[in-house]
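Single-letter residue listing:
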Amino acid sequence: MSPRKDETADELRAYDLRIIQSLDGYRFSLDPLLLCDFAGVGSKGRIIDLGTGCGVIPLILAGKFPDASLVGVEFQEGMAGLAARNVALNGFQDRIEVVCDDILSLARRFPVSSFDLVTANPPYRKPGSGRISPKAGRDLARHESTAGLADFLAIAKYLVKPAGRICFISHPSRLAEFIHCACELKLSLPRLRMVHGTASTAATMFLAQLAKGRKADTLVEPPLFVHKEQGGYTDEVERILGTREM
């Protein structure tokens, strides 16, 4: 399976994956790799990724956890088709299902408490905020459309088992809203980690783990720094990317 003229095929060598992406549309960044590393401890059973895009998160988690079965949900038809192609390209058709649907409809598709892990890298911009991208697909991936952050959290609570985990990555500007919505849904926050470009810059993202049906004190983990002050990736990010020499 080869990419089309308007696509590229990019290698994630650390995970032995090839990912086809649109040349000019939305392309994944470091965020899903950070989320998979954050969420990956002890992941097994059934996993669902909300807003899966090209399918990179289910593909990484499928490689990390050979006993897991996975679902990627994407409401853009073109992106869902691309995710399905990537699943086939990497030979995971028997373990990863790609569903083209709005997350607001998932309660009609899956029974309550169906999954051991729910992941999401939802659009972090509210409608009308930020610069509108001229590239097809990028604006929909970055800006909320039919579903907002509260909707992502509500369906994540519905889908996850009481003993399971919900793991999100989002922008710090949404952190207060994220915590408020989680409290409204009676979701506890066992883990929180801020992501910084360097040790001297403000946070650019946050990683959060939520739990349903149990109380938990919040552990604020040491910050994750992406780059060294003198340039180049930090050792932790090189480990996640698989580029660190042992």
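Since this is a predicted model, take the numbers as computed values, not measurements.

Points about the overall build of the chain
A count of helices and strands for the chain gives 7 helices and 11 strands. Per-residue burial over the chain gives 49% buried out of 246 residues. Once local pairs closer than 6 in sequence are excluded, the contacts in the chain between residues at least 24 apart make up 68%. About 11,800 Å² of surface is accessible on the chain, with carbon and sulfur atoms providing 54% of the total.

Considerations on the pattern of salt bridges
Considering all chains together, one arrives at 12 salt bridges under this definition. Here Lys161 makes a salt bridge to Asp116, at a shortest N to O gap of 3.4 Å. Within this pair, whereas Lys161 is found in strand 7 (residues 160-170), its partner Asp116 is found in strand 6 (residues 115-120), the two being separated by 45 residues in sequence. Residue Asp116 is classed as partly exposed on the basis of its relative accessible area of 24%. Taking the shortest distance from any N to any O, the salt bridge between Arg239 and Glu236 comes out at 3.9 Å. Of this pair, Arg239 and Glu236 both sit in helix 7 (residues 235-241), 3 residues apart, roughly one helical turn. The exposure class assigned to Glu236 is partly exposed, which follows from its relative accessible area of 25%. Residues joined by salt bridges that share partners form a network here, namely Arg4, Asp6, Glu7 and Arg85.

Comments concerning helix 3 (residues 77-89)
Given a rise of 1.5 Å per residue, 13 residues ought to cover 18 Å, and the 18 Å separating the end C-alpha atoms of helix 3 matches this to within 8%. On the buried face of helix 3, the contacting elements are strand 1 (7-12), strand 2 (17-22), helix 2 (56-64), strand 4 (69-74) and strand 5 (96-100). Looking at the residues trailing helix 3, positive phi occurs at Gly91, about 75 degrees.

Comments concerning the pairing of strand 9 (residues 203-212)
Moving residue by residue along a regular strand, the side chains alternate between the two faces of the sheet. Strand 9 sits mainly inside the fold: 8 of its 10 residues count as buried. As defined by bridge partners, strand 7 adjoins strand 9 across 5 bridges and the pair is classed as antiparallel. In the sheet register, Phe168 faces strand 9, and the bridge partner there is Ala208. Note: strand 8 (residues 187-196) against strand 9, 8 bridges, orientation antiparallel. Looking at the pairing, Ser188 lines up with Ala211 of strand 9. Between strand 8 and strand 9, which pair antiparallel and follow one another directly, the connecting turn spans 6 residues.

Considerations on the side chain of Glu221
Residue position: Glu221 is located in the loop between strand 10 (219-220) and strand 11 (224-225). With a relative accessible area of 18%, Glu221 lands in the buried category. Separated by 2.6 Å, the side chains of Glu221 and Arg191 make a polar contact.

Brief notes about the environment of Phe28
Looking at the element boundaries, Phe28 is found in the loop between strand 2 and helix 1 (31-39). Classification of Phe28 by relative accessible area gives buried; the value is 17%. A C-alpha to C-alpha distance of 9.9 Å links Phe28 and Ile57, two positions 29 residues apart in sequence. When residues no more than four places from it in sequence are discounted, the contact partners of Phe28 are Leu12, Ile19, Gln21, Leu33, Cys54 and Val56.

Overview of the packing of aromatic side chains
In the structure shown here, the tally under the stated rule is 3 aromatic pairs. Summarising the aromatic geometry, the rings of Phe178 and Phe206 are spaced 5.2 Å apart at their centres and angled 70 degrees between planes, so their arrangement reads as edge-to-face. With Phe178 in helix 6 (residues 175-184) and Phe206 in strand 9, this pair connects stretches of sequence that are 28 residues apart. Under the relative-accessibility criterion, Phe178 is labelled buried at 1%. Through pairs of rings, three or more aromatic residues link up here, namely Phe168, Phe178 and Phe206. A cation over a ring is seen here: Arg191 above Phe38, with NZ or CZ 3.8 Å from the ring centre.

Here's the deal with the packing of helix 1 against helix 2
Helix 2 packs onto helix 1 with a crossing angle of 35 degrees between their chain directions and a minimal axis gap of 10 Å. Note that helix 1 runs across helix 2; the crossing there is right-handed. Seen from helix 1, the contacting residues are Pro32, Leu33, Leu35 and Cys36; seen from helix 2, they are Val56, Ile57, Ile60, Leu61 and Lys64. Across the contact of helix 1 with helix 2, the residue classes tally to 8 nonpolar, no polar and 1 charged.

Cut-offs used in this document
- All residue numbers refer to position in the chain's written sequence, counted from 1.
- Only residues with pLDDT of 70 or above have their local features reported here, since the model is predicted, and side-chain atom pairs are shown and tallied only from 80 upward, although totals for entire chains, interfaces and linings are computed over all residues.
- Side-chain numbers come from the whole structure's heavy atoms, not from hydrogens or water.
- In this description a helix means any DSSP run of H or I spanning at least four residues, a strand means any run of E spanning at least two, and both kinds are numbered starting from the N terminus.
- Using a 1.4 Å probe on the protein chains alone, a residue whose accessible area is under 20% of its type maximum counts as buried, one over 50% counts as exposed, and one in between counts as partly exposed.
- The contact rule is simple, with two residues in contact once any of their heavy atoms fall within 4.5 Å.
- For the accessible areas, the method is Shrake-Rupley and the probe is 1.4 Å, while residue cover comes only from the protein chains on display.
- A side-chain nitrogen of Lys or Arg and a carboxyl oxygen of Asp or Glu constitute a salt bridge if their distance falls within 4 Å.
- Between the first and last residue of a helix there are one fewer steps than residues, each counted as 1.5 Å, and that sum is the expected span.
- Note on pairing: two strands pair once DSSP finds at least 2 bridges between them.
- Here a polar contact is recorded for every N or O atom pair within 3.5 Å, except that within protein the pair must consist of a potential hydrogen donor and a potential acceptor, and residues adjacent in sequence are included only if both atoms are side-chain atoms.
- Put simply, two rings from Phe, Tyr or Trp (the six-membered ring, in Trp's case) pair if the centres are within 6.5 Å, and we call them stacked under 30 degrees between planes, edge-to-face over 60, tilted for the rest.
- By definition, being over a ring means that NZ of Lys or CZ of Arg is both within 6 Å of the ring centre and within 35 degrees of the ring normal.
- For helices, the axis comes from a line fit to the C-alpha atoms of the stretch in contact; other axes are also lines fit to C-alpha atoms, and the angle between any two N-to-C directions lies between 0 and 180 degrees.
- By the definition used in this description, the sense in which the near helix is turned from the far one sets the handedness, with an anticlockwise turn below a right angle giving left-handed and a clockwise turn giving right-handed.
- Charged means Asp, Glu, Lys or Arg here, nonpolar means Ala, Val, Leu, Ile, Met, Phe, Trp, Tyr, Cys or Pro, and polar covers whatever is left, Gly included.

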